[in-house]
Each structure stands twice: as structure tokens, then as C-alpha cells.
Amino acid sequence: MTAHRPVPGRADGSASFIQIDSISFSFDPAHLALRSVKLSIPKGQFVCLLGPSGCGKTTLLNLIAGFLSPSDGYIFVNGQVIDGPGPDRGMVFQDYSLFPWLTIQGNIEFGPSIAGLPAKERRERAGHYLDMVNLGHIADRYPNELSGGMKQRVAIARALAAGPKVLLMDEPFAALDAMTRNHLQGELIRIHELEQPTILFVTHNIDEAIRLADRVLVMSPNPGRVVRDVLIDLEKPRVRTSLEFARLYDAFEADIGHAAS
Ligand SMILES: Nc1ncnc2c1ncn2[C@@H]1O[C@H](COP(=O)(O)OP(=O)(O)OP(=O)(O)O)[C@@H](O)[C@H]1O
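Residues numbered from 1 in each chain as written. Predicted model: local features only at pLDDT ≥ 70, side-chain atom pairs only at ≥ 80, totals over all residues.

Chemist: Looking at this structure, I do not really get the confidence of the model for the chain. What am I missing?
Modeler: Any segment with low pLDDT has predicted coordinates that should not be analysed in fine detail. Here the chain averages 92 in pLDDT, and 95% of its residues register 70 or above. With pLDDT under 50 throughout, residues 9-13 is counted as low confidence; its partners more than four residues away or in other chains account for six contacts. (pLDDT = per-residue confidence, 0-100. Contact = placed C-beta atoms within 7 Å.)

Printed below as a string of C-alpha cells:
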């Protein structure tokens, strides 16, 4: 655990915003969930973590969130070592995790209110992000009155309203139907262009990764590790029927096939 080890002051050298320095993690001593993962992620990059079940995608996200501490190694965000959750990192989960007793407005104001923002500023900020996800007209409703896609847009707005530098997204669109998923992918691309957060997005879906990511990290299990690191230098929005898209799809499919076997 980080608290029991001497903690280095800053990550060395590079322009990386998130630096993952040889981290390993195990839930039980007989099995490494992650082994010696090293990564350097620049500010504003949209990174997708792709890989078969059990390769450690969620574990890596939870380590960056500070919900777990590495057994070995360190994670730095903006030069500061991670030793717990913090408002610089926002999380979006597959199951939305909205507060059912709060209105949509209340959900989005939650982070800013914890941060001590005055009521007027909180309201303005919530309004800004509600408009960004095109839900300004339902601010007074409660989560149980919304569709899955609407709930996930609220969850994204709530995460952004807390002002994080890093957005950690754990299969956020996996429970949605194909059409809603497609629509939200487009919204997320637009939000990333507008706000430029650094995003780590977990998905099983190759198509989703190619559509969204500036960079795809393919992971493999037993032990969990990164086996492929690919920059995707295609303009967004990306055309699924293009030759480049098909080539990337085939390459990732082969990687995942090898990783899972
Ligand atoms: N709470 C836990 N206790 C014990 N082992 C766990 C726990 N959570 C995950 N693991 C194990 O750690 C490894 C990595 O799991 P993780 O959930 O990070 O993988 P994943 O790639 O996100 O999988 P999936 O795509 O199925 O969500 C797996 O072997 C898993 O069984």
C-alpha cells in the first residue's frame, strides 16, 4: 500500500500527464491481476482500454481513480502521486450510479457543492453541463424518470461538473441499445473536443474503441498487461466503412483473439 512505502515526489521528466510507473496489483497472492504496467499518457488524450474479460481493465481504472493502491509501483497524475480518490479524477460507471433521491440538477450540483462552490455558481455550472448533454429541459426530473441513455448523459455531466482533469469511464455505454450507444459516442467525441479532458475509457467493443480513441491499449490476462499500444491518427468522426477502419478492426480482433487464447 502506498502509505507504507516511501513515495517519490514527482514523476521524472516527460510531458506525460498520467504516468504509470511499473505498477503491479494482486487481489490474492497467487494471481497477479496486473503485472508491471508502464504507461505515459499526455494531457487531453482519449485512451481506450480494450481486451478480453479478466485482463485487468477495471482494475487499472480503479488504481488510477485511487480506489485501489498498487502492490508495486506508482501512478502520477499531473506530477502528483495518487494515494486515494480526488476531484481531479471523475468516474463514470456502466450502471450510471446516480443518486435516486436527488433531481438531475441536484445530481450534477453534487460535486460542486462538495467542493464548496456557492449556490449561484453551482447552478450555472450544472446548467452549462446539462446543456452540453442536451438535457437542460429535464433538470427537475428524478433519475427513475429517465431512459438509460439519458441517465448516462446525466452521469457524464455530473462527472464533468466536478471539474476533473481526468475522466475514467468503465464501459459506460455497454448497457445501452446500439442506436443510443452510437448517439452517445458522438456526444462524447464532441464533449472531448470542447473540454479536452484526458479520458481513459474501458470497452470490450472494438468498433467503439476505433470510433472514439486517439490511442488504444490492448490488454491481455494472466497476468494482466498491455500487449499493444496503437495511436489512431484518423480524423473524427470516423467512417466505419473506410478501409483504415476495417484494417484496424481486423488487427485488434486478432490481438484480442491471441490475448484471450
Ligand atoms: N474484487 C476482486 N477480488 C478478487 N479478484 C478480483 C476482484 N476484482 C477482479 N478480480 C480479478 O482480477 C482480474 C482482473 O479483473 P478486472 O475486473 O480488472 O478485469 P476486466 O478486464 O475489467 O474484466 P471485465 O471486462 O470482465 O470487466 C480478474 O482475474 C478478476 O477475476
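Next comes the rest of the description.
Chemist: How do you make sense of the site of the ligand when you look at a structure like this?
Modeler: Taken together, Phe27, Ala33, Gly51, Ser53, Gly54, Cys55, Gly56, Lys57, Thr58, Thr59, His204 and Gly224 make up the full set of residues near the ligand. Class assignment for the residues of the shell around the ligand results in three nonpolar, eight polar and one charged. (Near = placed C-beta within 6 Å. Nonpolar A, V, L, I, M, F, W, Y, C, P; charged D, E, K, R; others polar.)

Chemist: Mind showing me how you'd approach the pairing of strand E1 (residues 16-25) here?
Modeler: Side chains on a regular strand alternate between the two faces of the sheet. Of the strand pairs in this sheet, E1 and strand E2 (residues 34-42) are connected by six bridges, and their pairing is antiparallel. Each residue of the ladder has a partner; that of Ser16, found in E2, is Pro42. Bridge count between E1 and strand E4 (residues 72-77): five bridges; the pairing is antiparallel. Within E4, the residue paired with Ile18 across the bridge is Val77. (Pairing = 2+ DSSP bridges. Helix = DSSP H or I, 4+ residues; strand = E, 2+ residues; numbered from the N terminus.)

Chemist: Please explain the UniProt feature "domain: ABC transporter" (unreviewed entry) in the chain as it appears in this structure.
Modeler: UniProt's feature table lists "domain: ABC transporter" (unreviewed entry) at residues 18-246, given in the numbering used throughout. Helix makes up 34% of residues 18-246 and strand 25%, and the two end C-alpha atoms of the span are 30 Å apart. (UniProt positions renumbered as here; feature names shortened; annotations may be inferred.)

Chemist: What is the right way to read the packing of helix H4 (residues 148-161) against helix H5 (residues 178-195) from this model?
Modeler: For any two helices packed against each other, the geometry is given by the interaxial angle and the distance between the axes. Where H4 meets H5, the closest approach of the two axes is 10 Å, and the angle between their N-to-C directions is 15°. The pairing of H4 with H5 is recorded here as roughly parallel in orientation. Like other packed secondary-structure pairs, H4 and H5 cross with a definite hand, here right-handed. Within the contact between the two elements, H4 uses Gly148, Gly149, Gln152, Arg153 and Leu160 and H5 uses Thr180, His183, Leu184, Glu187 and Glu195. Here the residues of the contact of H4 with H5 sort into two nonpolar, five polar and three charged. (Axes fitted to C-alpha atoms, helices over the stretch in contact; angles between N-to-C directions. Parallel < 35°, antiparallel > 145°, perpendicular 65-115°, else oblique. Left-handed = near helix turned anticlockwise from the far one by under 90°.)

Chemist: Hey, could you run me through the environment of Asp233 in this one?
Modeler: Along the chain, Asp233 turns up in the loop between strand E10 (225-231) and helix H7 (243-260). According to the C-beta neighbour criterion, Asp233 is exposed, with 8 such atoms within 10 Å. Separated by 19 residues in sequence, Asp233 and Asp214 have C-alpha atoms that sit 6.8 Å apart. (Buried ≥ 20, exposed ≤ 12 C-beta atoms within 10 Å, placed from the backbone.)

Chemist: Would you mind going over the packing of helix H2 (residues 104-114) against helix H3 (residues 119-132) with me for this structure?
Modeler: Contact geometry of H2 with H3 gives a least axis separation of 9 Å together with a crossing angle of 125°. Taken as axis vectors, H2 and H3 run oblique relative to one another. Crossing of H2 against H3: the hand is right-handed. Each of Gln105, Ile108, Glu109, Pro112 and Ser113 in H2 lies in contact with H3, whose residues at this interface are Arg122, Arg123, Arg125, Ala126, Tyr129 and Leu130.

Chemist: Is there a simple way to explain the domain arrangement of the chain in this structure?
Modeler: Reports of interface size often rely on the accessible area that becomes lost once the parts have come together. The domain boundaries assigned to the chain delineate domain 1 (2-88 + 164-260) and domain 2 (99-162). Here domain 1 and domain 2 have C-alpha centroids that lie 25 Å from each other. On the side of domain 2, ten residues touch domain 1, which itself brings 13 residues to the contact. Along the lines of polarity and charge, the residues of the side of domain 1 that touches domain 2 split into nine nonpolar, two polar and two charged. (Domains from an automatic or database assignment.)

Chemist: What is the right way to read the pairing of strand E7 (residues 166-170) from this model?
Modeler: Counting buried positions along E7 yields five of five residues, so the element is predominantly enclosed. Burial of E7 is two-sided: the residues Val166, Leu168 and Asp170 facing one way and the residues Leu167 and Met169 facing the other way are all buried. In this structure, strand E6 (residues 89-92) lies alongside E7, joined through four bridges in parallel fashion. Bridging from a neighbouring strand, Gly90 pairs with Leu167 of E7. Inspection of the sheet shows E7 paired to strand E8 (residues 198-203) by five bridges, in the parallel sense. Paired with Leu168 across the strands is Leu200, a residue of E8.

Chemist: Please explain the sheet that holds strand E5 (residues 80-81) as it appears in this structure.
Modeler: In any sheet, the strands associate via hydrogen bonds between backbone groups, in a parallel or an antiparallel arrangement. The antiparallel open sheet is built from four strands, whose spatial order is E2-E1-E4-E5. Taken across any chain shown, the strands that pair with only one partner, and hence form the sheet edges, are E2 and E5. The pairing of E4 with E5 spans two bridges and is antiparallel. Paired with Val77 across the two strands is Gln80, which belongs to E5. Against the sheet, helix H1 (residues 57-65) touches E1, E2 and E4, its axis set at about 120° to E1.

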